[in-house]
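# Structural description and commentary
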Amino acid sequence: MNVDAKMPPVTVPASRMNARTQRMLNDPIVPMLLRMAWPNVLIMVAQASTGLIETWWVSHLGTDALAGMALVFPVLMLTQMISAGAMGGGISSAIARALGGDRRDEADALVLHAIAINVVLGLAVSGLMLLYGRSLYGLLGGEGAALEAAVIYSAVVFGGNALLWVMNGLASVIRGTGNMLVPALVICGGVVLLVPLSPVLIFGLGPIPAMGIAGGGAALVLYYAAGTAVLGWYILAGRNLARFRWVRLRWLPLRDILRIGAVGSITSLQTNVTVAVVTGLVASAAGTDAIAGFGTAVRLEYLLVPLVFGLGAPLVALVGTNIGAGNQERALRIAVIGGGLAFALTETIGLAAAIWPQAWLALFSAEPAMIEAGSAYLRIVGPSYGFFGLGLALYFASQGAGRLLWPLCSGFLRLLVAMGGGWLALRLTGSIDWLFAAVALGLVVYGATMAVAISGGAWFRGSAG
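For clarity, every value in this text was computed on a predicted model and none was experimentally measured.

## A word on the layout of surface pockets
Estimates place the volume of the largest pocket at around 360 Å³. Surrounding the largest pocket, 19 residues form its lining, Val75, Leu78, Met129, Leu136 and Leu269 being those nearest its centre. When contributions to the lining of the largest pocket are tallied by element, the ones reaching two or more residues are helix 3 (63–100), helix 4 (104–139) and helix 9 (251–286). Considering each element in turn, the lining of the largest pocket owes the most residues, six residues, to helix 4.

Shown next as structure tokens:
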């Protein structure tokens, strides 16, 4: 869909439009956004907690196991961000715009197309990681026992990767209708299951043998399977506004999802490539303990992604619905308000992490070298987290608008500053503190560029938005 500044509003009789859609087009923005966001924040915190739960239990297996998870974590988060945030945003955006324009048959057809895309992509990622995981983790600096732990964990997690993609695809279908509560309840219920399941599979209990680090991966896969089953039932039972229908797969609905999801995937890739490359630079400069410290510290940054996604999923639905109905001014106001809320939330967390870094790091290890490296990262990078949250929120809003050029450009700027500046800093000083300073500057550039462009109306200037 090409957003044109001169496009007139679409007038749809209220009697033909679902009540939830009418509220998205007319209700006061701040109360509505907060009302939609809280269950989604809950779902994203719960989903992020799955990784933290695993990390805490795996930390009891030793530093090598913790470092192994740190090597796998950027790749696993990349798949989660693409399936939930990038392709998920494309699914939610397409369905929201269809419902905003009162095209119910189109919204229904998008459900099957969304599932098909996610199944194919999930299987493709599984195949790539099973074949090339060891080589990738070696390139990231893994060696010895840490590399072996990474390979074992990766094989289990990515062996069931298609389930993660389908679960997130089904949740995105539901969120595209403006319903944030059902995915929240389902995925939070899965986390409740995961809390006892992880230690049982990692350390064993009764007849269940101890699986070590592989047990943490198996628990995650079982969590994905349960979430997929329940969300699939909800849609197949006809309870969702966009309903499952057997239709012939066509290019136009696939393109409507993929044109947002593919560009969004590049944005997700930028974030994770930055973390992966910085992991490699830390490994080259300071060794395994520093990798564990950096990897544990950066998990807090990754926790910001699902927190902002809690606001971002409503932004996709709200902006998409209003763009579909031709309400461009309201769509832009929604984006600006959402960006401001995200900045306040993530900056608060970042400042707290910078002041009390050990409160986070000590949850996972007491190794002095690990604590030192992780604390340095949080003290330097934490104060820039607000710009990270601002940029992410505006990225999700841009998904709803169907305009992702500026998020893409801003992400490349961040990548250039963090990676190029970090490499140069290490060459000139040999200090990882200056490497972390480059990472912080990259986050500021990312958020500030997005804010200036979008608030200035970049979405609605020809085809450049």
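Don't stop here, the text continues.
## Observations concerning the environment of Arg134
With respect to the secondary-structure elements, Arg134 resides in helix 4. Classification of Arg134 as partly exposed rests on a relative accessible area of 42%. Along the backbone, Arg134 and Ala155 are 21 residues apart, and their C-alpha atoms lie at a distance of 9.5 Å. Beyond its immediate stretch of four places on either side in the chain, Arg134 contacts Leu147, Glu148 and Val151.

## What to know about the packing of helix 3 against helix 4
For any two helices packed against each other, one specifies the inter-axial angle together with the distance between the axes. Relative orientation of the contacting elements helix 3 and helix 4 amounts to 170°, with a least axis distance of 10 Å. Taken together, helix 3 and helix 4 sit at an angle that is classed as roughly antiparallel. Crossing handedness for the pair helix 3 and helix 4: right-handed. Between helix 3, through Leu71, Val72, Val75, Thr79, Ser83, Met87, Ile91, Ala94, Ile95, Ala98 and Leu99, and helix 4, the contact on the second element is made entirely by Arg104, Glu106, Ala107, Leu110, Ala114, Ile117, Asn118, Leu121, Val125, Met129, Leu136 and Tyr137. Among the residues making up the contact of helix 3 with helix 4, the classes are represented as 18 nonpolar, three polar and two charged.

## Details of the side chain of Asp108
Following the sequence through the fold, Asp108 ends up in helix 4. Here Asp108 occupies a buried position and makes no salt bridge, while the nearest side chain of opposite charge, Arg245, is found at 4.4 Å. If sequence neighbours within four positions are ignored, Asp108 has contacts with Leu241, Ala242, Arg243 and Arg245.

## Points about the side chain of Arg414
With respect to the helices and strands, the residue Arg414 is situated in helix 15 (residues 405–429). Excluding residues that lie within four positions of it along the chain, Arg414 makes contacts with Thr271, Thr274, Glu301, Phe388, Gly442, Leu443 and Tyr446.

## As for the confidence of the model for the protein chain
Note: predicted coordinates in regions of low pLDDT should not be interpreted at a detailed level. Per-residue confidence for the protein chain gives a mean pLDDT of 84; residues scoring 70 or more make up 93%. For the stretch residues 1–15, pLDDT sits under 50, and the model shows 33 contacts to residues farther than four places along the chain or on other chains.

## Some thoughts on the pattern of salt bridges
Tallied over the full model, the rule gives seven salt bridges. Residue Arg35 pairs with Asp27 through a salt bridge whose shortest N-O separation is 3.5 Å. Among the residues examined, Asp27 registers a relative accessible area of 23% and is labelled partly exposed. Residue Arg103 pairs with Glu106 through a salt bridge whose shortest N-O separation is 2.8 Å.

## Points about the nonpolar core
Ranked by internal contacts, the top residues of the largest apolar core, which has 138 residues, are Tyr137, Tyr377, Leu378, Phe436 and Trp459. At 21 residues, helix 10 (residues 288–324) tops the list of elements feeding residues into this core. Residues within four places of Tyr137 in sequence aside, it is in contact with Leu71, Val72, Val75, Met129, Gly142, Leu147, Ala150, Val151, Ser154 and Phe158.

## Description of the environment of Thr228
Checked against the element boundaries, Thr228 lands in helix 8 (residues 213–236). For Thr228, a relative accessible area of 14% translates into the label buried. With 77 residues separating them along the chain, Thr228 and Val305 place their C-alpha atoms 22 Å apart. In contact with Thr228, not counting residues within four places along its chain, are Leu163, Val166, Met167 and Leu170.

## Observations concerning the packing of aromatic side chains
Within the structure shown, the criterion is met by 10 aromatic pairs. Between Phe343 and Phe387 the ring centres are 5.5 Å apart and the planes differ by 85°, which places this aromatic pair in the edge-to-face class. One end of the pair, Phe343, is in helix 11 (residues 328–355); the other, Phe387, is in helix 14 (residues 385–401), and 44 residues separate them in sequence. By relative accessible area, which is 26% here, Phe387 ends up partly exposed. With centroids separated by 5.9 Å and ring planes inclined at 85°, the aromatic side chains of Trp459 and Phe460 adopt a geometry described as edge-to-face. You can call Trp459 buried: its relative accessible area is 0%. The class for Phe460 is buried, based on a relative accessible area of 14%. By the ring-pair criterion, three or more aromatic residues cluster together here, those being Phe294, Tyr377 and Phe436.

Definitions and cut-offs
Residues numbered from 1 in each chain as written. Predicted model: local features only at pLDDT ≥ 70, side-chain atom pairs only at ≥ 80, totals over all residues. Heavy atoms only, no water. 1 Å grid on protein atoms, 1.4 Å probe; cavity = no way out; pocket = protein on both sides within 12 Å on 5 of 7 lines; lining within 4 Å. Points joined across faces, edges and corners; volume = space filled by probe spheres on them. Helix = DSSP H or I, 4+ residues; strand = E, 2+ residues; numbered from the N terminus. Buried < 20%, exposed > 50% of the residue type's maximum accessible area, 1.4 Å probe, protein only. Contact = heavy atoms within 4.5 Å. Axes fitted to C-alpha atoms, helices over the stretch in contact; angles between N-to-C directions. Parallel < 35°, antiparallel > 145°, perpendicular 65-115°, else oblique. Left-handed = near helix turned anticlockwise from the far one by under 90°. Nonpolar A, V, L, I, M, F, W, Y, C, P; charged D, E, K, R; others polar. Lys, Arg positive; Asp, Glu negative; His and termini not counted. Salt bridge = Lys/Arg side-chain N within 4 Å of Asp/Glu carboxyl O. pLDDT = per-residue confidence, 0-100. Core = buried A, V, L, I, M, F, W, Y, C linked by side-chain atoms within 4.5 Å. Phe/Tyr/Trp six-rings, centres within 6.5 Å; stacked < 30°, edge-to-face > 60°.

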